[in-house]
Amino acid sequence: MRINGKYSIGILLTFVLLAAVMLYAFPVIRMATGIQHITASSFSLSRLAIWSVLLIVFLYSFFIEKGPFLLKEEKKYSIGFYIKAVIGLYLVCAIGGAFINVLLQFLLQEKISNKLLQLTSIFKNNYFLIIFTCLTAGVVEEFLMRGYIQPRVEKIYSSPLLGVIVSALLFGILHSTYGTIGQVIIPFFIGAVFAMFYKKYSNIKILIICHFMFDLVSLMIMNSMDFKHLSVF
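All residue numbers refer to positions counted from 1 along the written sequence of the respective chain. Local features in a predicted model are, by the rule used here, given only for residues with pLDDT of at least 70; side-chain atom pairs are given and counted only at 80 or more, and totals for whole chains, interfaces and linings are based on all residues. Note that the side-chain values use all heavy atoms of the structure and ignore hydrogens as well as water.

Peer 1: Honestly, the overall build of the protein chain in this entry has me stumped. Any pointers?
Peer 2: Broken down by element type, the protein chain carries eight helices and zero strands. Starting at the N terminus, helices and strands are each numbered in turn, a helix being any DSSP run of H or I of at least four residues and a strand any DSSP run of E of at least two. Along the protein chain, helices (α) and strands (β) appear in the sequence α-α-α-α-α-α-α-α when read from the amino end. Note that the radius of gyration is over C-alpha atoms, with the globule rule given as 2.2 Å times the number of residues to the power 0.38. Taken over C-alpha atoms, the radius of gyration comes to 18 Å for the protein chain, in line with the 17 Å a tight globule of 233 residues would show. With the C-alpha coordinates aligned to their principal axes, the bounding extent of the protein chain is approximately 50 × 40 × 35 Å. Note on exposure labels: buried denotes an accessible area under 20% of the residue type's maximum, exposed denotes more than 50%, and partly exposed covers the range between, all computed with a 1.4 Å probe on protein chains only. Taking all 233 residues of the protein chain together, 48% fall into the buried category. Contact definition: two residues touch when any of their heavy atoms are within 4.5 Å. Partitioning the intrachain contacts of the protein chain with sequence separation of at least 6 by distance along the chain shows that 79% fall at a separation of at least 24. Values of accessible area rely on a 1.4 Å probe in the Shrake-Rupley scheme; residue burial ignores everything except the protein chains shown. Accessible surface, the protein chain: about 11800 Å² in total, of which carbon and sulfur atoms supply 72%. For the purpose of counting charges, residues Lys and Arg are taken to be positive, whereas Asp and Glu are taken to be negative. His and the chain ends are not included. To locate a charge, take atom NZ for lysine, CZ for arginine, CG for aspartate or CD for glutamate. One way to put it: in the protein chain the 19 positive side-chain charges average out to a point 4 Å from where the 9 negative ones average out.

Peer 1: Which parts of the structure should I look at to understand helix H8 (residues 204-224)?
Peer 2: An α-helical turn contains 3.6 residues, so any two residues separated by three or four positions project in the same direction. The span expected for a helix works out to 1.5 Å for each residue beyond the first. Counted at 1.5 Å a residue, the expected span for H8 with its 21 residues is 30 Å, and the 30 Å between its end C-alpha atoms agrees. Listed as buried for H8 are Ile204, Ile206, Leu207, Ile208, Cys210, His211, Phe214, Asp215, Ser218, Leu219, Met222 and Asn223. Residues of H8 that are buried sit in contact with helix H3 (79-108), helix H4 (114-123), helix H5 (127-157), helix H6 (160-174) and helix H7 (182-201). Where H8 starts, the residue carrying a side-chain oxygen 3.1 Å from the main-chain nitrogen of Lys205 turns out to be Asn203. Nitrogen and oxygen atoms within 3.5 Å of one another constitute a polar contact, given that in protein one can donate a hydrogen and the other can accept it, and given that sequence-neighbouring residues count only through two side-chain atoms.

Peer 1: I tried to follow unusual backbone geometry on my own but got confused; where do I start?
Peer 2: The residue Asn125 is not glycine, and still its phi comes out positive at about 60°. Although it is not a glycine, Ser158 sits at a positive phi angle of roughly 50°. Locating Ser158 in the fold gives a position in the loop between H5 and H6. By relative accessible area, which is 64% here, Ser158 ends up exposed.

Peer 1: Looking at this structure, I do not really get the pattern of salt bridges. What am I missing?
Peer 2: A side chain of one charge can pair with a side chain of the opposite charge when the charged atoms of the two come close. Definition used for salt bridges: Asp or Glu carboxyl oxygen within 4 Å of a side-chain nitrogen of Lys or Arg. Following the criterion strictly, the structure yields five salt bridges and no others. In this structure, the salt-bridge partner of Glu154 is Lys72, at a minimum N-O distance of 3.7 Å. Placement of Glu154 in helix H5 and of Lys72 in the loop between helix H2 (40-65) and H3 is noted, with a sequence separation of 82 residues between them. The exposure classification of Glu154 matches that of Lys72, with both residues buried.

Structural measurements only, silent on function.
Here it is in structure tokens:
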């Protein structure tokens, strides 16, 4: 099998596994444990399932593709660049996401998803779960969406733009399980911003840090007040 064919299968495998976890993790956990509602324990198990996807895709790249997981070589930057890049990305995502949220509320008057409302109780004062959730999102989603999928789409079709669009689109679609249009469009926007950054600067660590920070701030705000319009990606 040619390498582009292996890349295509790997991309499909990644998306299918992530979609399966997003859709079926909680039903499977309910069947296995008897826990009927989302709890801190069942949510933690669902995050472990997401980590297992990263492991499977890593093994696929190692044994089937027989090449590096990250096709783009990581570029090194100064501490000052890291700080400026993380803050800059955070502000772009936070301000842009807030603007999109306001616009969607004006146009659609969309209600908060029931799934996000359910999550407020399990995160309340559970700082270990908050950090574990943010770490899972930052590490796994960035390695898979930007680190794995984006450069392989770019290589298959010889199109950097398509790599950005596909990785951002899949990122948005995977968040559709939250049940609102906003939880697709805002992650798509953020995914596009991150993908363009990764294309230009080839540094996955900066994206992981920013992703972790964005979700951490969002969840800490949710933890300290009544649930407002919140975007977690």
